[in-house]
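# Report on the structure
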2 protein chains.
Amino acid sequence: MDSQFLKKVGLKATLPRIKILEILESGGTARHMSAEDVYKALLEHGEDVGLATVYRVLTQFEQAGILTRHHFEGGQSVFEMDEGRHHDHILCTKCGRVDEFFDPTIEERQKAIADKFGYSMTDHSLYIYGICKDCRKKEKA
Amino acid sequence: MDSQFLKKVGLKATLPRIKILEILESGGTARHMSAEDVYKALLEHGEDVGLATVYRVLTQFEQAGILTRHHFEGGQSVFEMDEGRHHDHILCTKCGRVDEFFDPTIEERQKAIADKFGYSMTDHSLYIYGICKDCRKKEKA
DNA sequence: TAAACAAATGAGAATCTTTTGCATTGTTGT
DNA sequence: ACAACAATGCAAAAGATTCTCATTTGTTTA
């Protein structure tokens, strides 16, 4: 049950938190959702949760390590459930499609670069932008 | 002369544009400036340019390929003069220090990943975050 | 080089995303 | 079930960026 999970990570099992967790887990809309997306999904499910609470809860979940916040191009933050394994993203600038990948060589090089410049690496973000196969097909038509 | 340069890239040589170009070229404050930074620098130089114009001009410069817009963590966009050679960034989350690097291996892997997923890569952004040597030294003290 | 025109600017309003203040409500341990 | 304190909702606020529109400024042309 989600309420057990929430307590485990040190958060009170409140209704808004449980509902938001359900939305994120269901992957209903997509694995990558903005605060607004989550808010709309809640409304569609007939839940009465304020947008401010959505923001607060998402931030708490991020701090609890339950999810990751991304800064894709285009202003707003996008959140994604953390399923353990780290990965980076490649996204289509036409249709917004998102794919995930993990490349050990890149990870390794990043660490090496940080070392070389005297930084202790805490994090990194890598986004590849392009046009996906489907969108290229459409363009030709 | 900057006005010649502006015409060359297809922009009218207006006073605001010339002044903004000077600020960016001088590297006065730093190589990486937000719109607000540029605006403040203009005021300090006694130039009377509106913030809206700064935003407009920076966007135009970006489209003209004169400069690159970055989305570092923390909300606002940061601009940097394009001196031809592409590079990525490593930044200190304590003091804001920014270093630049170029890694052929990473570049190559990115292209390979895009191909593998069927994308035609148009762009990419890579930021490494960490604590720089100086800040680590201070922390120990 | 002055008129003519389109493009650019400045100031402030508007928009969008996210955060905050505060009164009210809900959760948890006892 | 109850007290204590955390969490929520709403509306206001804040920060970044864009837009509107009247006015000014480059550029072009005669």
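Because the structure is a prediction, the values reported are computed rather than measured.

## Considering the packing of helix α3 (residues 35–44) of chain A against helix α4 (residues 51–63) of chain A
Each pair of packed helices can be described by the angle between their axes along with the distance between the axes. All names here are of chain A. The contact between α3 and α4 brings their axes to 9 Å, and the two run at 125 degrees. Considering their axes alone, α3 and α4 lie oblique with respect to each other. Here α3 and α4 pass one another in a crossing that is right-handed. In contact with Ala 35, Glu 36, Val 38, Tyr 39 and Leu 42 of α3, α4 contributes Leu 51, Val 54, Tyr 55 and Leu 58. Within the contact of α3 with α4, the residues separate by chemical class into 8 nonpolar, no polar and 1 charged.

## Digging into the confidence of the model for chain A
For chain A, per-residue confidence averages 93 on the pLDDT scale, and 99% of positions sit at 70 or higher. Across chain A, helix α5 (residues 104–116) of chain A holds the top mean pLDDT of 98, while helix α6 (residues 133–140) of chain A sits lowest at 90.

## Quick word on the protein's contact with DNA strand C
Every one of the 20 residues lining DNA strand C counts as a neighbour, but Tyr55(A), Ser77(A), Thr14(B), Thr53(B) and Arg56(B) are closest to it. Of all atoms in DNA strand C that approach within 4 Å of the protein, 67% are sugar or phosphate atoms. Here a phosphate oxygen of DNA strand C and a backbone polar atom of Ser77(A) are 2.7 Å apart. Between DNA strand C and Lys12(B), the relevant distance is 3.2 Å, taken from a sugar or linking oxygen to a side-chain nitrogen or oxygen of the residue. Looking at the surface near DNA strand C, the elements with two or more residues in it are α4 of chain A together with α2 (15–26) and α4 (51–63) of chain B.

## Some remarks on the relation of the copies chain B and chain A
The operation linking the two copies of the chain is a rotation about an axis combined with a translation along the axis. For the pair chain B and chain A, the best superposition has an RMSD of 0.1 Å and corresponds to a rotation of 180 degrees with a translation of 0.0 Å parallel to the axis. Such values leave the two copies arranged in the relation of a two-fold axis. The position closest to the rotation axis in chain B is occupied by the C-alpha of Leu126(B), lying 2.2 Å away. Most of the interface of chain B is mirrored in chain A, where 100% of its interface residues are also at the interface.

## Description of the domain arrangement of chain A
Residues and elements named next belong to chain A. Domains assigned within chain A are domain 1 (2–81) and domain 2 (88–140). For domain 1 and domain 2, the distance between their C-alpha centres works out to 24 Å. In total, about 580 Å² of surface goes out of reach between domain 1 and domain 2, with carbon and sulfur atoms giving 57% of it. Considering only the side of domain 1, the residues that lose the most area to domain 2 are His 32, Phe 72 and Glu 73, jointly responsible for 67% of the buried surface there. At the junction of domain 1 with domain 2, the criterion picks out 1 salt bridge. Here Arg 31 makes a salt bridge to Glu 100, at a shortest N to O gap of 3.0 Å. Applying the counting rule to domain 1 against domain 2 returns 7 residue pairs in polar contact (both at pLDDT 80 or more). Tallied by class, the residues present in the side of domain 1 that touches domain 2 amount to 1 nonpolar, 3 polar and 3 charged.

## Details of the sheet that holds strand β6 (residues 120–131) of chain B
Here we have 6 strands laid out as an open sheet, ordered β5(A)-β4(A)-β6(A)-β6(B)-β4(B)-β5(B), and mixed in their pairing. Both outer strands of the open sheet, β5 (98–101) of chain A together with β5 (98–101) of chain B, are each paired with one neighbouring strand and no more. Taken pair by pair, the neighbouring strands of this sheet meet at an average axis angle of 20 degrees, ignoring direction. Both strand β6 (residues 120–131) of chain A and β6(B) contribute to a ladder of 11 bridges, which runs antiparallel. Residue pairing in the sheet places Asp123(A) in a bridge with Tyr129(B) of β6(B).

## Focus on the nonpolar core
The biggest cluster of nonpolar side chains holds 24 residues, and the ones touching the most others in it are Ile128(A) and Ile128(B). Mapped onto this core, the elements with two or more residues apiece are β4 (88–92), α5 and β6 of chain A together with β4 (88–92), α5 (104–116) and β6 of chain B. Filtering out sequence-adjacent residues up to four positions away, Ile128(B) remains in contact with Gln110(A), Ile113(A), Ala114(A), Met121(A), Asp123(A), His124(A), His89(B), Ile90(B), Leu91(B) and Phe101(B).

## Quick word on empty space enclosed by the protein
Residue and element names in this part refer to chain A. By the definition in use, this model includes 1 cavity of 30 Å³ or more. Taken as a whole, the largest cavity spans an internal volume of roughly 30 Å³. As for the largest cavity, its lining consists of Leu 24, Ala 30, Arg 31, Met 33 and Met 81. Split into classes, the residues belonging to the lining of the largest cavity amount to 4 nonpolar, no polar and 1 charged.

## Concerning the environment of Ala41(B)
Residue and element names in this part refer to chain B. By secondary structure assignment, the location of Ala 41 is in helix α3 (residues 35–44). For Ala 41, a relative accessible area of 6% translates into the label buried. Between the C-alpha atoms of Ala 41 and Ser 125, which are 84 residues apart in sequence, the distance is 27 Å. Every residue in contact with Ala 41, bar those within four places of it in the chain, is listed here: Ile 23 and Met 33.

Rules used in this analysis
- Residues numbered from 1 in each chain as written.
- Chains lettered and ligands numbered in written order.
- Predicted model: local features only at pLDDT ≥ 70, side-chain atom pairs only at ≥ 80, totals over all residues.
- Heavy atoms only, no water.
- Axes fitted to C-alpha atoms, helices over the stretch in contact; angles between N-to-C directions.
- Helix = DSSP H or I, 4+ residues; strand = E, 2+ residues; numbered from the N terminus.
- Parallel < 35°, antiparallel > 145°, perpendicular 65-115°, else oblique.
- Left-handed = near helix turned anticlockwise from the far one by under 90°.
- Contact = heavy atoms within 4.5 Å.
- Nonpolar A, V, L, I, M, F, W, Y, C, P; charged D, E, K, R; others polar.
- pLDDT = per-residue confidence, 0-100.
- Near = heavy atom within 4 Å.
- Polar contact = N/O pair within 3.5 Å; in protein donor to acceptor, adjacent residues only side chain to side chain.
- Least-squares fit on C-alpha atoms with pLDDT ≥ 70 in both.
- Domains from an automatic or database assignment.
- Buried area = accessible area lost by both parts, 1.4 Å probe.
- Salt bridge = Lys/Arg side-chain N within 4 Å of Asp/Glu carboxyl O.
- Pairing = 2+ DSSP bridges.
- Core = buried A, V, L, I, M, F, W, Y, C linked by side-chain atoms within 4.5 Å.
- Buried < 20%, exposed > 50% of the residue type's maximum accessible area, 1.4 Å probe, protein only.
- 1 Å grid on protein atoms, 1.4 Å probe; cavity = no way out; pocket = protein on both sides within 12 Å on 5 of 7 lines; lining within 4 Å.
- Points joined across faces, edges and corners; volume = space filled by probe spheres on them.

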